[in-house]
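# Observations on chain architecture
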Amino acid sequence: MNFQVTARYGGRAQRYHTFNVDVLDAKAALLAAAHEIPDEIAPQVDLIEIRVAVDPDKRSYAEEP
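Attention here is on the structure that accompanies the text. Because the structure is predicted, anything quoted here is derived from the model rather than measured.

### What about the sheet that holds strand S2 (residues 15–22)?
Ordered by their spatial adjacency, three strands build an open sheet running S2-S1-S3, and the pairing between neighbours is antiparallel. Each of the sheet's edge strands pairs with one partner strand only, and the pair in question is S2 and strand S3 (45–52). Each adjacent strand pair in this sheet contributes to an overall mean axis angle of 20°, direction not counted. Of the strand pairs in this sheet, strand S1 (residues 2–9) and S3 are connected by seven bridges, and their pairing is antiparallel. Each residue of the ladder has a partner; that of Ala-7, found in S3, is Ile-48. On the sheet, helix H1 (residues 26–36) packs against S1, S2 and S3 and is oriented at approximately 125° with respect to S2.

This is the structure:
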């Protein structure tokens, strides 16, 4: 399953680092995300969000029938 991971960092000047991990489940996504966060931002990260990544080619849009 493909998960999108967003790490918020930077204190008052918040920035976001987003990447995908392709793993079996949410627990594996958490573990994979821990290894993928760049060392230079790791001390500043204050929030991690993990969600199932939507394939843009399979996404439905409001104007579609």
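### Some thoughts on the nonpolar core
Formed by Phe-3, Val-5, Tyr-9, Phe-19, Val-21, Val-23, Ala-29, Ala-33, Ile-37 and Ile-41, the largest nonpolar core amounts to 10 residues. Breaking this core down by element, the ones donating at least two residues are S1, S2 and H1. Among the elements that line this core, the one with the most residues is S1, at three residues. Excluding residues that lie within four positions of it along the chain, Phe-19 makes contacts with Phe-3, Gln-4, Val-5, Ala-33, Glu-36 and Ile-37.

### Thoughts on the pattern of salt bridges
Taken as a whole, this structure holds two salt bridges when the rule is applied. In this structure, the salt-bridge partner of Arg-8 is Asp-46, at a minimum N-O distance of 3.0 Å. Of this pair, Arg-8 sits in strand S1 while Asp-46 is found in strand S3, placing the two residues 38 residues apart along the sequence. With a shortest N-O distance of 3.1 Å, Glu-49 and Arg-51 are connected by a salt bridge.

### Concerning the side chain of Thr-6
With respect to the helices and strands, the residue Thr-6 is situated in strand S1. The residues touching Thr-6, leaving out its near neighbours within four places in the chain, are Tyr-16, His-17, Thr-18, Leu-47, Ile-48 and Glu-49.

### A look at the pairing of S1
Note on strand geometry: in a regular strand, side chains alternate between the two faces of the sheet. The sheet contact formed by S1 and S2 spans eight bridges and is antiparallel. Residue pairing for S2: Gln-4 is matched across the bridge by Asn-20. Hairpin connection from S1 to S2: five residues lie between these consecutive antiparallel strands, with Gly-10 at a positive phi of about 105°.

Each value, and the rule that gives it
- Residues numbered from 1 in each chain as written.
- Predicted model: local features only at pLDDT ≥ 70, side-chain atom pairs only at ≥ 80, totals over all residues.
- Heavy atoms only, no water.
- Pairing = 2+ DSSP bridges.
- Helix = DSSP H or I, 4+ residues; strand = E, 2+ residues; numbered from the N terminus.
- Axes fitted to C-alpha atoms, helices over the stretch in contact; angles between N-to-C directions.
- Contact = heavy atoms within 4.5 Å.
- Core = buried A, V, L, I, M, F, W, Y, C linked by side-chain atoms within 4.5 Å.
- Buried < 20%, exposed > 50% of the residue type's maximum accessible area, 1.4 Å probe, protein only.
- Salt bridge = Lys/Arg side-chain N within 4 Å of Asp/Glu carboxyl O.

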